[in-house]
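Coordinates in review
For reference, the chains in residue letters:
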Amino acid sequence: MIVRASHLFLPTLRDAPADAEAVSHKLLVRGGFIRQVSAGIWTFMPLGWRVHEKIVQIVREEMNAIGGQEMQMPVLTPAELWEATGRIGIPEIFHVTDRNGRHFVLPLTHEETVTFHAREIQSYKELPQLWYHFQTKDRDEPRPRGGLLRVREFVMKDGYSFDRDEDGVRNSFESNREAYKKIFERCGIEAVDVQAESGIMGGKFSVDFLAPSGSGENTLVTCENGDYAADLEIALAIPPPALLPAPLAAPEEIETPGATTIEALAEFLSVDASATSKAMPVVRESGELVLALVRGDDRLSESKLFDALHGGSRPATDEEIVRAFGAGGGSLGPVGFAGEIVADETLREGQYVAGANRDGWHLRGVEAGRDYEPRFADLREPREGDTCPECGGRLRFQTAIEVGHIFNFGSFYSEPLGATFLDEDGTEKPLLGGSYGIGPGRVMAAAVEQHNDEHGILWPAALAPYDVHVVALAGAEEIAERAAAVLEASGHDVLLDDRDRRAGEKFADADLIGIPVRVTAGKKSLEDGAVDVRDRTTGEERRVPVEEL
């Protein structure tokens, strides 16, 4: 196929949008691949859609290779399905009402719909099943950013497996995991499969595929020795030991006027921040107030707290704090608190400075087990300076894009929606499911983040919108046409730049668009019947007769 640039809608730009920070955002807009319609809502232009659909085809081939069956489920979904599973209250869901007052949602994922269809499975003999589709998703994202990285509407490949038992679920999970590795390898991007949390989707075990990049919403935690990798939200890490003062026989009260932050407290008492504890009062969905504790030099991980409390929570209000503790924020601690206390594992041993639940006062020498009885859990967010839980090696932290997520959700959806099957022993059992998602738009952004230079995009060959970019300079149009024809005849998709533009402008656009091979026909071609063939990534250039292209 030969496509002429003079006929192609190719609105390249010299400058990036003023609000663009991510490299992929800048280059995809400048290269004419995408255009913003509204915050978080993007159009894929002709070049961009070609890249998108190449990713889709790679995904389709690898899903089919493991027995996936492609289908197409609707965007508009009856709200009662989401009400049945209890997910109707997710704040990111768009809600729609038709003219008759019926309530629908625009789903951000299709577990409810696919389980609705799975109710037609009758017997264990029909299992396992693996279904997938490519469908538009909508998400009421409060802070869209980063071009294709955080959006309100996107296409996702979401696949779903159904099995009869845990062994089947694990087999389906691992089969999809291996397929995903092949997909990202074929797309030419580095993606690490790591332990992750399932979040609002539920699930027993969960794996993210994170692509290291200059921009992204995730943080990839890896060990320098290569034996550990995890998403920051779930990563385990060993912090440096706390620098603790001499122990006390009992907590000792000390006045700390104005010391309402960890930094101010540590400075006032001349102790290291690691010798303090940080109190975070939160309220469960049931209304119960719980006190979460971490070491003073650590940050509380919201996802780990979610897991520790087996559900969501919110920060307590000032009024709720005073009512429960008799003091305001900045002077809170576990001693004397009658409610549930969840403490980070780092507080299991040693004595720490904690709030005295009296404004302007703290307690020295507070010890878990002696002065208060907590439930321990991993609550801290790993940070620079931590070491690997497997080997003690140094941990590295990289910004990354989540390009895929797979997880098992068991009977979370089948039980409320009545999706059961008759097992071999004659008993009726709920179907056990798994979910497998890839966002082609995010894969596209990740490819640009990982493959670019100061001039533009360096597309991996499998994703490039065209295989070869033929540039026709003034006077050499006929030879450029011949070159394009030879390349097309040998099976290549060709973009022929036949526009009436200056040579410098054509070369700049070619570098910006990033097609792997550029073939240039110029005045010298009229003399020797050859063209310049340039590798976009390496810059290597050689002279090749047109007939030998």
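Please refer to the structure placed before this passage.
This section reports on the structure supplied with the text. Please read these numbers as outputs of a predicted model, since none were measured by experiment.

Side note on the overall build of the protein
- Along the protein, the regular secondary structure elements total 13 helices and 32 strands.
- With respect to the principal axes defined by its C-alpha atoms, the protein has extents near 95 × 65 × 50 Å.
- Across the 549 residues that make up the protein, the buried fraction comes to 51%.
- Contacts in the protein between residues far apart in sequence, at least 24 positions, make up 70% of those at least 6 positions apart.
- Summed over its atoms, the accessible surface of the protein is roughly 24,300 Å², and 49% of this surface lies on carbon and sulfur atoms.
- Where the 57 positive side-chain charges of the protein centre and where its 93 negative ones centre are 4 Å apart.

Here's the deal with the pattern of salt bridges
- Counted under the stated rule, the structure contains 52 salt bridges.
- Across the salt bridge formed by Arg394 and Glu224, the nearest N and O atoms sit 3.6 Å from each other. Placement of the pair is Arg394 in the loop between strand S21 (375-377) and strand S22 (395-410) and Glu224 in the loop between strand S12 (218-223) and strand S13 (229-231), with a sequence separation of 170 residues.
- Residue Arg394 is classed as partly exposed on the basis of its relative accessible area of 46%.
- Ionic pairing is found between Arg383 and Asp297, a salt bridge with its closest N-O pair at 2.7 Å. With a gap of 86 residues between them, Arg383 in the loop between S21 and S22 and Asp297 in the loop between strand S16 (289-295) and helix H7 (302-308) connect regions that are remote in the sequence.
- Looking at Arg383, the relative accessible area reads 24%, which means it is partly exposed.
- Since its relative accessible area comes to 24%, Asp297 is described here as partly exposed.

A word on the sheet that holds strand S32 (residues 541-545)
- The sheet built from six strands is open, its strands ordered S1-S29-S28-S30-S31-S32 with mixed pairing. Pairing within the sheet leaves two strands with one partner each, and these edge strands are strand S1 (2-4) and S32. Pairs of neighbouring strands in the sheet enclose a mean axial angle of 25°, with direction left out of account.
- In the packing of helix H11 (residues 477-489) onto the sheet, contacts are made with S1, strand S28 (468-472), strand S29 (494-497), strand S30 (517-521) and strand S31 (530-535), and the angle to S28 comes to roughly 165°.
- Sheet strands in contact with helix H12 (residues 503-513) are S28, S29, S30 and S31, and its direction is about 175° off that of S28.

Thoughts on the pairing of S16
- Within S16, seven of the seven residues are buried, leaving the element largely enclosed by the surrounding structure.
- As paired strands, strand S15 (residues 277-284) and S16 are joined by seven bridges and run antiparallel to one another. Across the sheet, residue Val283 finds its bridge partner in S16, namely Leu289.
- Between S15 and S16, which pair antiparallel in sequence order, lie four residues; one of them, Gly287, sits at a positive phi of approximately 100°.
- Bridge count between S16 and strand S18 (residues 340-344): four bridges; the pairing is parallel.

Considering unusual backbone geometry
- The peptide bond linking Leu127 to Pro128 adopts the cis configuration, its omega dihedral lying at 0°.
- Here Pro128 shows up in the loop between helix H4 (111-118) and strand S8 (129-138).
- The residue Ser270 is not glycine, and still its phi comes out positive at about 55°.
- Looking at the secondary structure, you find Ser270 in the loop between helix H6 (262-269) and S15.
- Owing to a relative accessible area of 68%, Ser270 belongs among the exposed residues under this scheme.

Observations concerning the sheet that holds strand S19 (residues 351-355)
- Taken together, three strands build an open sheet; the order of strands is S14-S20-S19 and the sheet is antiparallel. Both outer strands of the open sheet, strand S14 (252-255) and S19, are each paired with one neighbouring strand and no more. With direction set aside, neighbouring strand axes in the sheet form an average angle of 30°.
- Pairing geometry for S14 and strand S20 (residues 361-367), over four bridges, is antiparallel. Pairing of Glu252 across the sheet is with Arg364, part of S20.

Regarding the nonpolar core
- Counting residues in each nonpolar core, the largest one holds 56 residues, and the members touching the most others are Leu28, Phe33, Tyr180, Phe184, Val403 and Trp459.
- It is helix H2 (residues 46-65) that contributes the most residues to this core, seven residues altogether.
- Those residues within four positions of Phe184 in sequence are excluded, and the remaining contacts are Ile189, Ala191, Phe209, Val403, Gly404, Ile438 and Val443.

Brief notes about empty space enclosed by the protein
- Summed over all chains, the structure comprises two cavities of 30 Å³ or more.
- The wall of the largest cavity is formed by His469, Ala510, Asp511, Ile515, Arg518, Arg534 and Arg536.
- Of the residues that constitute the lining of the largest cavity, the class distribution is two nonpolar, one polar and four charged.
- Estimates place the volume of the second largest cavity at around 40 Å³.
- Lining of the second largest cavity is provided by Ser277, Leu347, Tyr352, Ala354, Val366 and Tyr372.

What counts, and at which threshold
- Residues numbered from 1 in each chain as written.
- Predicted model: local features only at pLDDT ≥ 70, side-chain atom pairs only at ≥ 80, totals over all residues.
- Heavy atoms only, no water.
- Helix = DSSP H or I, 4+ residues; strand = E, 2+ residues; numbered from the N terminus.
- Buried < 20%, exposed > 50% of the residue type's maximum accessible area, 1.4 Å probe, protein only.
- Contact = heavy atoms within 4.5 Å.
- Areas by Shrake-Rupley, 256 points an atom, 1.4 Å probe, with all protein chains shown as cover.
- Lys, Arg positive; Asp, Glu negative; His and termini not counted.
- Charge placed at Lys NZ, Arg CZ, Asp CG, Glu CD.
- Salt bridge = Lys/Arg side-chain N within 4 Å of Asp/Glu carboxyl O.
- Pairing = 2+ DSSP bridges.
- Axes fitted to C-alpha atoms, helices over the stretch in contact; angles between N-to-C directions.
- Core = buried A, V, L, I, M, F, W, Y, C linked by side-chain atoms within 4.5 Å.
- 1 Å grid on protein atoms, 1.4 Å probe; cavity = no way out; pocket = protein on both sides within 12 Å on 5 of 7 lines; lining within 4 Å.
- Points joined across faces, edges and corners; volume = space filled by probe spheres on them.
- Nonpolar A, V, L, I, M, F, W, Y, C, P; charged D, E, K, R; others polar.

By themselves, these observations are geometric and do not establish any function.
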